[in-house]
Amino acid sequence: MGSLSKTVSKAQKLYLLALVVVFIVTALVKNNIETDRTRYDMLPENLSPSDQILGGMVGAFREITADYLWVTMDSFFHSGDWQRLVPTITLVARLDPKFIQVWSVGAWHFGYNISVPATDIKVKEQMIRQGDEFLAKGIEYNPDIYDLHFELGWNRFDRQLDYQRALPEFEAAYAIKDHPHYVRHMIAHTLERLGRIEESKKLWKECIAEGDCAPAFGNYSRLVKGEYRTGVPQYKLRNRGQEWEKCLADKIPVSEPEISAYYNAHKDTYMDQEKISARHILVSSRDAAVKVLDRLKKGEDFVALAGKLSIDKGTHETGGSLGLFPRGQMVPEFDQAAFALKEGQVSGIVKTKFGYHVIKLEKRIPARLKSLKEVRTQVRDALVEGKIQANVKSKLAAGYRWGVPEIKGLEKK
Amino acid sequence: MKAAALAMTTFKEAIRKKVLLVLLVFAFIFIGSSLLFTYFSGGEEIRMVKDVGLTGLLIFGLLISTFLGMSLIPAEIEKRIIYTILSKPVRRLEVVVGKYLGAALAVLVMVLLMGLVFMGLIFFKEHTLSPVAMLAIILTFFELLVVLAMAVTFSTFASSTLSVVLTIFFYIMGSSSDSLQYLGGRSDSPLLKVAVKGFGYLIPNFEIFNIRSQVLHGDAVPGLYVLKAIIYGLLFSAALLIVAGMFFHEKEV
């Protein structure tokens, strides 16, 4: 017994010794590898603790989980399920912060797809702000990728109309290697909006010199001619106005005297034009037209004759009826002749590019002013639109940018 | 030499197992299904193919290694073949190593087959072979070697079911190692810090073998890093096998 336990313990000692040696070498190698992983940026170090837990939970399946959610995110987008889209976007970004598409597509969903159709102005602003913050976060994780800087610049330029804050992002994108040529174009555009015309001109000149854009492109020559577009352009103001209208239309008060005053001032827009209802017989020659007139004089029925003789395929089955139409809808010769007729009267021969017509006027409805009752909603809409346009302009002039006021408070310049 | 002979028999037996064939077929279907995924992927087709393919290779590799590893030694004992082996002058450690190597060879064949299908898909989609993806497959193989060694080790002292559960548990722990280290490092308690640090050495960090993120984002992976990771995998497997040898040595058969 004594010798057996001795041999066993000897073997055990050997095993233990081998284990300790191998283990120490493994630990050393591991330390070396961990240094490498930090150096090659393979460790998700700048994740928040909650993201670390999330990543730890899915372990080796982090990327596939992110991809699975990315696919579902696409279906939420297509079904317009915003309530589920928003958390999914953030989750994918947290699982795989180096997935550039998620940051840019996500920000685009926030800034445009969700915020544009939103009718609650608070939601709208919050989504725009979220798009801005989301991209900034993406840049934190991927500082060396031009895409996200450019996206953020574009978001501020186009969506927030904040050229001041767009410029540094475009410049940051430009400073990163492998940026596409349009990054510099955007810098030039932004400088122009900011009124820094000389700098913008200089940039366009550089672009042309380096073959980045054709001289015929026109941006440079436009600036040379002094045709600047500084500040927010008119069409943008209009777009913004229309967007706000959807949020504010029900909330803007419009009084009864305002409505009647607007109606009285814009009566010409609420006129119903003069309309006539007529029939015609179209034939291919003057002789045929003369024959038609003869038969009409003999008392033959216009409707029956149109059915028999008219070569106008569209109307000969309905007895030549053209229905009701206002001035300007028919060719001028026809218009003139038809509107000159009295009710029940038949015209002479009228020549147009289609052939020879004989026209009979059935009924005339004279021009009239639509009553206020009929056009009340139209008048109200026009009033609201005008008020919103004025509102947009004054707010923009006062430095208001979409979703930005809160962010401005955070920034200390 | 004796270990080599044992390895060859083990390998031949392993690749004849029906469950392996079934797993392989499922793996092919899974990897191939990445092509269907691309339909929904919103312009990220190749990412999907690579991600689904590499993850499929890992999942099925894990299943194959776990089931192979857990049954290596218990099956021998059950079938009483072990007596004929042990009656010969073969050391018990040699038995463990021989059987392990045989199973490792079987895993290699499986990984190669799945890898071929995967690389074929990438070539079909991209018309180039992605070298980083190839490195990812190689590292997955060495990751599986560690998993295999874990399963073998557990099977020397635990039942089959418990071995599978333990292997899966430690795999999950090992692939969350990074997060655990990070969170441990933020702890205020020095004791917890040391404990977590030590834990990091005791449990294999499977994230070292995970370069799927680099494959997906087109980042380069230095060759030296891959080499170091391979050495780490081999060393950890060796350490596990020594533990397995130790337990097996003590085992009454």
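Remember, it's a predicted structure, so these values are computed and weren't measured experimentally.

In this section: the overall build of chain A. For chain A, the count of helices and strands is 18 helices and 6 strands. The buried share of chain A, reckoned over its 413 residues, is 43%. If you take every contact in chain A between residues at least 6 apart in sequence, the share linking residues at least 24 apart comes to 64%. Accessible area for chain A stands at about 22,100 Å²; split by element, carbon and sulfur atoms hold 57% of it.

A few words now on the sheet that holds strand β3 (residues 321-326) of chain A. Residues and elements named next belong to chain A. Taken together, 4 strands build an open sheet; the order of strands is β3-β2-β5-β4 and the sheet is antiparallel. The open sheet has two free edges, formed respectively by β3 and β4 (346-352), since each of these has just one partner strand. Averaged over all neighbouring strand pairs, the angle between strand axes comes to 35°, with direction disregarded. As paired elements, β4 and strand β5 (residues 355-365) share 5 bridges and run antiparallel to each other. By the bridge assignment, V350 is partnered in β5 with H357.

On to the interface of chain A and chain B, then. Counting residues at the interface gives 45 residues for chain A and 51 residues for chain B. Across the chain A to chain B interface the summed buried area is about 4,300 Å²; carbon plus sulfur atoms make up 66%. Run the count over chain A and chain B and you get 5 salt bridges. A salt bridge links A:D67 to B:R47, with the shortest nitrogen-to-oxygen separation between them at 2.6 Å. Applying the counting rule to chain A against chain B returns 12 residue pairs in polar contact (both at pLDDT 80 or more). Elements with a minimum of two residues in the side of chain A that touches chain B: α1 (2-39), α2 (49-58) and α3 (62-79) of chain A. With 20 residues, the single largest contributor to the side of chain A that touches chain B is α1(A). Counted by class, the side of chain A that touches chain B contains 25 nonpolar, 9 polar and 11 charged residues.

Another point: unusual backbone geometry. Residues and elements named next belong to chain A. Notably, L161 is not glycine yet its phi reads approximately 55°, a positive angle. Here L161 shows up in the loop between α7 (146-159) and α8 (163-175). The exposure class of L161 is buried, given its relative accessible area of 0%. One non-glycine residue, D178, lies in the positive phi region at around 70°. By secondary structure assignment, the location of D178 is in the loop between α8 and α9 (182-193).

What follows covers the packing of helix α5 (residues 100-114) of chain A against α7(A). Residue and element names in this part refer to chain A. Between α5 and α7, the shortest axis-to-axis distance is 10 Å and the interhelical angle comes to 10°. With respect to α7, the axis of α5 lies roughly parallel. Residues I100, W103, S104, A107, G111 and Y112 of α5 touch α7, and the partners they reach there are D147, L148, E151, W154, N155, D158 and R159. Looking at the contact of α5 with α7 residue by residue, the class counts come to 6 nonpolar, 3 polar and 4 charged.

Attention now goes to the packing of helix α8 (residues 177-185) of chain B against helix α9 (residues 190-202) of chain B. All names here are of chain B. The interhelical angle for the contact between α8 and α9, taken along N-to-C directions, is 160°, at an axis separation of 9 Å. Viewed along their axes, α8 and α9 adopt a mutual orientation that is roughly antiparallel. Helix-helix and strand crossings are classified by hand; for α8 and α9 the assignment is left-handed. Contacts from L180, Q181, G184 and G185 in α8 reach K193, V196, K197, F199 and G200 in α9.

Another point: the pairing of strand β2 (residues 275-283) of chain A. All names here are of chain A. Within β2, 8 of the 9 residues are buried, which leaves it mostly tucked inside the rest of the structure. Of the strand pairs in this sheet, β2 and β3 are connected by 4 bridges, and their pairing is antiparallel. Directly across from K275, in β3, lies its bridge partner P326. Relative to β5, β2 runs antiparallel, the two being bridged by 9 bridges. Considered in β5, the bridge of V283 is made with Y356.

Residues at a pLDDT of 70 or more form 91% of chain B, whose mean pLDDT is 87. Across the interface, the model reports ipTM at 0.85; the global pTM reads 0.68.

Two measures describe an aromatic ring pair: the distance that separates the ring centres and the angle between the ring planes. Enumeration over the complete set of coordinates arrives at 22 aromatic pairs over all chains. Look at B:F141 and B:F142: their rings are 5.2 Å apart centre to centre, the planes differ by 75°, and that puts the pair in the edge-to-face class. Each member of the pair, B:F141 as well as B:F142, is classed as buried. Plain terms: the ring middles of B:F157 and B:F247 are 4.7 Å apart, the flat faces sit at 45° to each other, and that makes the pair tilted. Taken as a pair, B:F157 in the loop between α6 (131-155) and α7 (160-175) and B:F247 in helix α11 (residues 223-250) lie far apart in primary sequence, 90 residues in all. Looking at B:F157, the relative accessible area reads 42%, which means it is partly exposed. On the basis of relative accessible area, B:F247 is assigned to the partly exposed category, the value being 37%. Taken together, A:F150, A:W154, A:F157, A:Y163, A:F170 and A:Y182 form an aromatic cluster joined through their ring pairs.

For the rest of this paragraph, the subject is the side chain of B:S71. By secondary structure assignment, the location of B:S71 is in helix α3 (residues 45-78). Of the polar contacts made by the side chain of B:S71, one reaches the side chain of B:K17; its length is 3.2 Å.

To continue, consider the environment of A:F170. All names here are of chain A. Residue position: F170 is located in helix α8. Residue class for F170 comes out buried when judged on its relative accessible area of 0%. Between the C-alpha atoms of F170 and W154, which are 16 residues apart in sequence, the distance is 7.9 Å. Residues contacting F170, with those up to four places away along its chain left out, are F150, G153, W154, F157, V183, M186, I187 and T190.

This part takes up the environment of A:R279. Residue and element names in this part refer to chain A. Structurally, the position occupied by R279 is in strand β2. Classification of R279 by relative accessible area gives buried; the value is 17%. With 44 residues separating them in the primary sequence, R279 and G323 have C-alpha atoms 7.7 Å apart. Contact partners of R279, with chain neighbours within four places excluded, come to F302, V303, T318, G319, G320, S321, V358, I359, K360 and E362. Engagement of the side chain of R279 in a polar contact is seen with the backbone oxygen of T318, the distance being 3.0 Å.

About the criteria used
- Residues numbered from 1 in each chain as written.
- Chains lettered and ligands numbered in written order.
- Predicted model: local features only at pLDDT ≥ 70, side-chain atom pairs only at ≥ 80, totals over all residues.
- Heavy atoms only, no water.
- Helix = DSSP H or I, 4+ residues; strand = E, 2+ residues; numbered from the N terminus.
- Buried < 20%, exposed > 50% of the residue type's maximum accessible area, 1.4 Å probe, protein only.
- Contact = heavy atoms within 4.5 Å.
- Areas by Shrake-Rupley, 256 points an atom, 1.4 Å probe, with all protein chains shown as cover.
- Pairing = 2+ DSSP bridges.
- Axes fitted to C-alpha atoms, helices over the stretch in contact; angles between N-to-C directions.
- Buried area = accessible area lost by both parts, 1.4 Å probe.
- Salt bridge = Lys/Arg side-chain N within 4 Å of Asp/Glu carboxyl O.
- Polar contact = N/O pair within 3.5 Å; in protein donor to acceptor, adjacent residues only side chain to side chain.
- Nonpolar A, V, L, I, M, F, W, Y, C, P; charged D, E, K, R; others polar.
- Parallel < 35°, antiparallel > 145°, perpendicular 65-115°, else oblique.
- Left-handed = near helix turned anticlockwise from the far one by under 90°.
- pLDDT = per-residue confidence, 0-100.
- Phe/Tyr/Trp six-rings, centres within 6.5 Å; stacked < 30°, edge-to-face > 60°.

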